[in-house]
Amino acid sequence: VLDVAGIEPGERILDIGCGCGATTFDAAAKTGASGRALGVDISAPMVARARARATELGSPAEFMLADAAAHDFGATAFDLLVSRFGIMFFEDSIKAFQNLRRAAATDAPGLFVAWRSPQENPFMTAAARAAKSMVSLPQQAPDAPGQFAFADAKRVESILEAAHWHHIGIEPLDFECTFPESELVGYFTRLGPLGRVFPDLDEKTQARLMTVVREAFEPFVFGDTVKFNAACWQIKARA
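What you see is a predicted model; the values in this text were computed from it and never measured.

## Re the pairing of strand 4 (residues 80-84)
When you tally the buried positions in strand 4, you get four out of five residues, the bulk of the element. In terms of strand pairing, strand 1 (residues 12-16) meets strand 4 through three bridges, oriented parallel. Bridge pairing in strand 4 places Leu14 opposite Leu81. Pairing analysis gives four bridges linking strand 4 to strand 5 (residues 109-115), with the strands arranged parallel. Bridged to Val82 within strand 5 is Leu111. Handedness of the crossover joining strand 4 and strand 5 through helix 4 (residues 93-103): right-handed.

This is how it looks when you write it as structure tokens:
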């Protein structure tokens with residue numbers, strides 16, 4: 001994301017849905033002491049972790065606990081808005097992008113990454129497919145806030161146009177991701193639809209699920225490494 005953004009020293013960067021701050025820290029390193037990198041997220045634990053990491057790293061990155069969809073960023077005019085998987089969760093996406101446009105300097109670029117469809121991301125849906133016959137999982141309408149809310153590129157374009165962004169470009173981006181196999185069970189028992197219900201299940205059901213779902217991930221396991229393709233959209237626009 002940041003390589004494509006081409007950040008210059010002294011620029012002011014807003015990272016939307018910053019989580020624990022990884023993207024914000026990288027942005028702060030590129031913009032330097034003369035610039036500003038602000039990460040905003042609605043998750044108090046994640047923002048707390050990001051602030052602690054900033055202290056640990058001695059990073060000038062700043063973090064704010066707020067809803068980027070509605071927060072008044074005041075007189076600050078950001079030179080660049082970025083988001084790595086943080087824009088798909090707005091209750092009203094048009095109003096959210098209108099608010100973000102107000103936070104941007106005139107003609108400032110926005111560069112965002114969001115997931116494409118569930119069908120193009122079989123790794124992300126493997127746990128739910130394997131578990132659906134054993135437990136009742138939360139269902140999500142295609143356009144409802146959530147991981148795949150921006151799967152339809154034409155819908156994304158219409159949202160940005162309605163919020164008065166211009167020079168909109170949406171291109172497919174495929175990126176190979178890896179993580180240690182030892183973290184796989186922790187991944188699917190804590191994240192996604194299964195992760196939302198797993199802690200409330202009885203121990204016997206949990207044990208069965210861990211076995212069945214782990215088997216469903218076998219096509220993605222290569223020795224001690226999990227590998228999968230992240231099928232995303234790279235979304236560009238100007239405020």
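## A closer look at the side chain of Thr31
The topology assignment puts Thr31 in helix 2 (residues 22-31). Using a relative accessible area of 1% as the deciding quantity, one classes Thr31 as buried. Each residue touching Thr31, except ones within four places of it in the same chain, is listed here: Ile7, Glu8, Pro9, Gly10, Glu11, Arg12, Ile13, Arg36 and Ala37.

What counts and what doesn't
Residues numbered from 1 in each chain as written. Predicted model: local features only at pLDDT ≥ 70, side-chain atom pairs only at ≥ 80, totals over all residues. Heavy atoms only, no water. Buried < 20%, exposed > 50% of the residue type's maximum accessible area, 1.4 Å probe, protein only. Helix = DSSP H or I, 4+ residues; strand = E, 2+ residues; numbered from the N terminus. Pairing = 2+ DSSP bridges. Right-handed = clockwise from strand over helix to strand, strands pointing away. Contact = heavy atoms within 4.5 Å.

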